[in-house]
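Each chain is listed here by its residues.
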Amino acid sequence: MIDTRRRLWLAGIVVLAALGFLVFQGLGNATLYFRTADEAVAQRDQLGDRRFRIEGDVVDGSVRQVGNDVSFTLTKASVEVPVRHKGDPPELFRPGIPVVLEGRFQGDYFSSDRILVRHSETYVAENPERVTTTLR
Amino acid sequence: MTISPSSASTSSRTTTILGWLTVVSLALTAVMALVISPADVNMGDSVRLLYLHVPTAWLAMYVSFGVTTLASVLYLWKRTRSRFWDLTAGASAEIGVLFLGLTLLIGAIWGRITWGVWWTWDARLTTTAVLFVLYIGYLAVRKVPASPEVQSRRAAIVAIAAFLDVPIVHFAVEWWRTLHQDATFLSDRRLLDPQIGGTMAWTLFLGVVAFTLLYCWLMAHRFRLAWLEDRLADRAMQVAIDERRAEAVQS
């Protein structure tokens, strides 16, 4: 009796561990949330015109309005990707910040239709003087 | 057979004091978050949502679900098995589900403002959504009819299984690439080197303390309510048995 129960528990644990491993592996593959700009350029041929997310920093001084579109350069690990974005970029979009774009390669540039602004876990006061000046 | 008003109340001197402490600390957090702490250089005023989003997540994931798990283990362990731990686990999970829902909601609003989207299927957001569903499932399992012992044991096992997702949610931002930022403090990299200004850090810390107090206060009331309900059910059962017995004697 105790032996069967123990064996059942053991089987249960093994099954759970296997499931956990599968989920972890599956998530690991499915959660390639974005490719960095340099990775995307390296995988250019495999990607073809497939839709994916690309991540990089917006190059300072590269943002330009072209009709209804916005063009700018994305960079990561000193690899640069020219971008054409359809529509208005989000409010917090500005040169120098990291962004994730959704879209595909089209000719020489990356054609994006969605810009997601990334944030790091770094929080810096807009004006560090503010607190001291108001308290004075 | 009636419960006197004093014993039927869920409040006591301690919970009243705790309640006031909670109100004061929440008010202080609000003042710190909205007035004293500065705007962020990138996020502007929307950074103030940090002081709600992190404390609600802390309350739900680590405190509530942590207590549910611990209570479930203590229930399953024969030496400590009692109704007390089962009711504690259930009460804590209810509070956890409520605040995890708030975490998701506030996170969506914050995401819309800073990222530009309400939702995206990155690893952190997806595993958190799974966690929310798992604990709703746990609350449902608690209600599946069975004898009280079977019900409690079943619930305890499900609670422990559901908790496996908590470390996955926590480490999702380190294991996989996500749109969601990494932890401000709770990671190897940031624990001793947080990248957050002094006033911002203190506001966040105060928020976490305030919401922990809120949890204790809610928990005291919710647990006592569950305890009273449990006693009432026992008495109703006793009354029913007595009535049947009386009928049997009459006939």
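Bear in mind that the values here come from a model prediction, so they are computed numbers and not experimental data.

**Student:** A description of the interface of chain A and chain B should follow, citing residues and the corresponding values.
**Tutor:** By a widespread convention, an interface's size corresponds to the accessible area lost as its parts come together. Across the contact, 26 residues belong to chain A and 30 residues belong to chain B. Of all elements in the fold, only α1 (2-30), β7 (109-117) and α4 (129-135) of chain A reach the threshold of two or more residues within the side of chain A that touches chain B. Element by element, the count of residues in the side of chain A that touches chain B is highest for β7(A), at three residues. A class-by-class count of the residues in the side of chain A that touches chain B yields 16 nonpolar, six polar and four charged.

**Student:** Outline the environment of A:Gly87, listing residues and values.
**Tutor:** All names here are of chain A. Tracing the backbone through its elements, the reader meets Gly87 in the loop between β5 (79-86) and β6 (98-106). Gly87 gets classed as exposed once you count the C-beta atoms within 10 Å, which come to 12. Here the alpha-carbon distance between Gly87 and Val23, two residues 64 residues apart in the chain, equals 37 Å.

**Student:** Residue-level account of the packing of helix α3 (residues 50-76) of chain B against helix α6 (residues 148-163) of chain B, with values.
**Tutor:** Residue and element names in this part refer to chain B. Relative to each other, α3 and α6 sit at 135°, their axes nearing to 9 Å. Comparing their axes, α6 and α3 come out oblique. Of the two elements, α3 crosses α6, and the hand of that crossing is left-handed. Here α3 contributes Phe65, Thr68, Thr69, Ser72, Val73, Tyr75 and Leu76 to the contact with α6, which in turn contributes Ser152, Arg153, Ala156, Ala159, Ile160 and Phe163. For the contact of α3 with α6, the per-class residue count stands at eight nonpolar, four polar and one charged.

Thresholds applied
Residues numbered from 1 in each chain as written. Chains lettered and ligands numbered in written order. Predicted model: local features only at pLDDT ≥ 70, side-chain atom pairs only at ≥ 80, totals over all residues. Contact = placed C-beta atoms within 7 Å. Helix = DSSP H or I, 4+ residues; strand = E, 2+ residues; numbered from the N terminus. Nonpolar A, V, L, I, M, F, W, Y, C, P; charged D, E, K, R; others polar. Buried ≥ 20, exposed ≤ 12 C-beta atoms within 10 Å, placed from the backbone. Axes fitted to C-alpha atoms, helices over the stretch in contact; angles between N-to-C directions. Parallel < 35°, antiparallel > 145°, perpendicular 65-115°, else oblique. Left-handed = near helix turned anticlockwise from the far one by under 90°.

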